[in-house]
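Spelled out, the chains give:
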Amino acid sequence: MERTLPPTIRDLLKAQRLAADEAETLAPGTNIVLPSRDTRGVTVVIIAYHSGRILFDSIERVLAEPAVKQLILIDNGSSERTVELLRDIDEAYERVLLVQGHGNIGFARAANMGAQLANQPWIVFLNPDAILCGGAIEAMVDTALKTPRPCLVGARVLNPDGTEQRGSRRGEVTPVTTLVSLMRLPKYLPFLRSYEIHREDEPLPEAPLPVATVSGACFCIARADFIAVGGFDTRFFLHVEDVDLCWRIRQRGGAVLFHPTAEVIHEGHTSRVDPVFVEMNKGLGLVYYFRKRADTLWRKAYVLALSPLIVGISVLRAALRRRLRDADDFS
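Now for a description of the structure that goes with this document. (Residues numbered from 1 in each chain as written. Predicted model: local features only at pLDDT ≥ 70, side-chain atom pairs only at ≥ 80, totals over all residues. Heavy atoms only, no water.)

1. Quick notes on the nonpolar core
Soluble globular proteins: nonpolar side chains tend toward being buried together. Counting 41 residues, the largest nonpolar core has Val-44, Ile-46, Ile-59, Leu-71, Leu-126 and Ile-137 as the members making the most contacts within it. Considering every element that reaches this core, the biggest residue donor is helix α6 (residues 136-145), with six residues. Leaving out residues up to four positions away in the same chain, Ile-59 has contacts with Ile-46, Leu-71, Leu-73, Leu-86 and Ile-89. In this structure, Ile-47, Ile-221, Phe-226 and Leu-245 belong to the second largest nonpolar core, which totals 28 residues. (Core = buried A, V, L, I, M, F, W, Y, C linked by side-chain atoms within 4.5 Å. Buried < 20%, exposed > 50% of the residue type's maximum accessible area, 1.4 Å probe, protein only. Helix = DSSP H or I, 4+ residues; strand = E, 2+ residues; numbered from the N terminus. Contact = heavy atoms within 4.5 Å.)

2. Considering the pairing of strand β2 (residues 68-75)
Successive side chains on a regular strand alternate, one facing one side of the sheet and the next facing the other. Across the eight residues that make up β2, a large majority, seven, are buried. The pairing of strand β1 (residues 42-48) with β2 spans seven bridges and is classified as parallel. Residue pairing in the sheet places Ile-46 in a bridge with Leu-73 of β2. Between β2 and its parallel partner strand β3 (residues 96-99), the chain crosses via helix α4 (residues 80-92), and the hand of that crossover is right-handed. (Pairing = 2+ DSSP bridges. Right-handed = clockwise from strand over helix to strand, strands pointing away.)

3. Structural notes on the environment of Val-229
Within the fold, Val-229 resides in the loop between α8 (223-228) and α9 (241-251). Taking C-alpha positions, Val-229 is 8.2 Å from Leu-245, a pair spaced 16 residues apart along the chain. Sequence-distant contacts of Val-229, that is, excluding residues within four places in its chain, are made with Leu-245, Arg-248, Ile-249 and Arg-252.

4. Thoughts on α9
Along α9, nine of the 11 residues are buried, which leaves the element largely enclosed by surrounding structure. Here α9 has its buried residues at Glu-241, Asp-242, Val-243, Asp-244, Leu-245, Cys-246, Trp-247, Arg-248 and Ile-249.

Written out as C-alpha cells, the structure is:
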C-alpha cells in the first residue's frame, strides 16, 4: 500500500530539497525518486537574526558562487521589512530555501535544522555578516576531499581592512588560555604568549594547516560528518558551539584545518542585539564547554572556580561595547 506523505514533506521531496537516499528513510514505501547528489555540490547555511543590511550583501555573494547548489536561510526572527525581503529572495531563486516563523531558537538549533534540510554533500556554514571571497568555497571543498574524514575546513577570516581577524585560527581553548586571551594579557606580559589562543599574528602557512579550532564565521564540512558527530550541541544558545564541534571532530580522530587562501571578509559587530546578551551567552557557553570537557575531579573544581571570572569578564567586555541602533528597517 502506498503511503501518503504530509503535503509539506511531499513538496520538499518533490522540490529535491531532501537527499535521494533520505527519502526512503523518511517515508519508506514512497514512490518519489530523486536524482543522486552532485559529489562536489555545496549547501550554504546562513542563520539570520537582526543582522543588518550586510545580510543581503552576503546572500548576493553566495548566489554568485557556481559551486553553491543550495542556499538555506534560517530566519530566527528579523524585522518585518527583512522578513519581506527574504521572502522575495526565496521566491526569486529555486535554489533558495527560506525557513521562518519559529522564533529565536538559538544558533545551534537553527544550524542543525539547516543541515537536516540540506540536499548537497557539503555544507558551508556562513555568518550573516560575512562576505565570501572568490574561490573560497571551491578551495575548502578541494581540501576536504583530500583529507581523511571526519574533517572540518575553516576559512581565513579577514577584517574589512584585509588583516586577519582575531579568532580565525586558534589553539586549544581552556579556562586558562581563555582568560589570558579575554584579558589580552600577552600584550602586557609577553611571557604569557604561549597561553594565547589566537594565532593571527603567526606567519601565514603555505598550505592548509591542522589547528585546534577555527572560526565559526565560515567553515566547510561534509553533511554526513556533521550529522555523524551529532551536529552542534544545542545546549549552546549562541557562541562556542563551533569550538565544541572542532573538539568533537578531533576526539573522533578527525582533522580541523585552517585554509590560508579560502578567504571571507567578516564585518563583525553588525547585529542589533544587546552586546550584554551576546557576551553573557558566550561566557556561559565557555563555562558549559569547560564543564563538558572536565574529566577529573581536579578539572571540575578548577572550572567551577574560574567560571564566575570567565562570565564576569565577558559581560564587562560587552558593557564597554556600544550597542548598534536600529537606524534602518533592515535591523
